[in-house]
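# Architecture and fold: a report
What follows is the residue order along each chain.
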Amino acid sequence: MQIIAQQPYVKIVRQVRSLEQKDVEEQRYLYLYPDKIVTKYREFPIENVLDMSYRFSGDRGLLYLHTLQGVYSYIIKSSPQSFVEAFKARTESTIYPDKR
């Protein structure tokens, strides 16, 4: 299946060892496919994703996936505008198939 768009995001992973605690940033990606959105550990069927929004504060922001199961947030460092537009174009053509 072909990827329509991808968006990098950051996951902060806390590593705890005997006397040390360290936060490590992992670079991950959201992938938009024709029928789903996929992260490293989750899959959202496209019909379960109601909307996407984002907000920046300084050099970081949050991308919100509004789904039937709740809102999921992802830390982003770059603008997700093209990813959000690709999602909205995909869902609009699914909801309104005659509108091309």
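These numbers were taken from a predicted model, which means no experiment stands behind them.

### A word on the overall build of the protein
Assigned secondary structure in the protein consists of one helix and seven strands. Tracing the protein from N to C terminus, the helices and strands come up as β-β-β-β-β-β-β-α. Reported as C-alpha extents along the three principal axes, the dimensions of the protein are approximately 60 × 25 × 25 Å. The buried share among the 100 residues of the protein stands at 28%. For the protein, the share of sequence-separated contacts (at least 6 apart) that also reach a separation of at least 24 residues comes to 37%.

### A look at the pairing of strand β1 (residues 5-17)
Across a regular strand the side chains alternate sides, sitting on one face of the sheet and then on the other. With 13 bridges joining them, β1 and strand β2 (residues 20-32) adopt antiparallel strand pairing. Each bridged residue has a counterpart across the sheet, and for Q6 the counterpart in β2 is Y31. Linking β1 to β2, which pair antiparallel, is a turn of two residues.

### Topic: the pairing of strand β5 (residues 49-57)
Here β5 runs beside strand β6 (residues 60-67); their pairing, made up of eight bridges, is antiparallel. When the bridges of β6 are listed, V49 appears paired with T67. What sits between β5 and β6 in their antiparallel hairpin is a turn of two residues, with G58 showing a positive phi close to 75 degrees.

### What to know about the nonpolar core
Judged by nonpolar contacts, the single largest core of 17 residues is most densely connected at L30, L32, I37, M52 and L65. Residue assignment for this core shows that the elements contributing at least two residues are β1, β2, β5, β6, β7 (70-76) and α1 (81-95). In terms of residue count, the dominant contributor to this core is α1 (four residues).

### Topic: the pattern of salt bridges
One pass over the full model with this rule turns up six salt bridges. A salt bridge links R14 to D23; the nearest nitrogen and oxygen atoms lie 3.1 Å apart. Taking the shortest distance from any N to any O, the salt bridge between E25 and K77 comes out at 2.9 Å. Within this pair, whereas E25 is found in strand β2, its partner K77 is found in the loop between β7 and α1, the two being separated by 52 residues in sequence.

### Re the environment of R55
Mapped onto the fold, R55 is located in strand β5. Take R55: its relative accessible area is 61%, and that puts it in the exposed class. Along the sequence, R55 and P80 sit 25 residues apart, while their C-alpha atoms lie 9.7 Å from each other. Contacts of R55, omitting those with residues within four sequence positions, involve G61 and L62.

### Comments concerning the environment of A89
The topology assignment puts A89 in helix α1. On the basis of relative accessible area, A89 is assigned to the partly exposed category, the value being 48%. Here the alpha-carbon distance between A89 and S18, two residues 71 residues apart in the chain, equals 49 Å.

What counts as what
- Residues numbered from 1 in each chain as written.
- Predicted model: local features only at pLDDT ≥ 70, side-chain atom pairs only at ≥ 80, totals over all residues.
- Heavy atoms only, no water.
- Helix = DSSP H or I, 4+ residues; strand = E, 2+ residues; numbered from the N terminus.
- Buried < 20%, exposed > 50% of the residue type's maximum accessible area, 1.4 Å probe, protein only.
- Contact = heavy atoms within 4.5 Å.
- Pairing = 2+ DSSP bridges.
- Core = buried A, V, L, I, M, F, W, Y, C linked by side-chain atoms within 4.5 Å.
- Salt bridge = Lys/Arg side-chain N within 4 Å of Asp/Glu carboxyl O.

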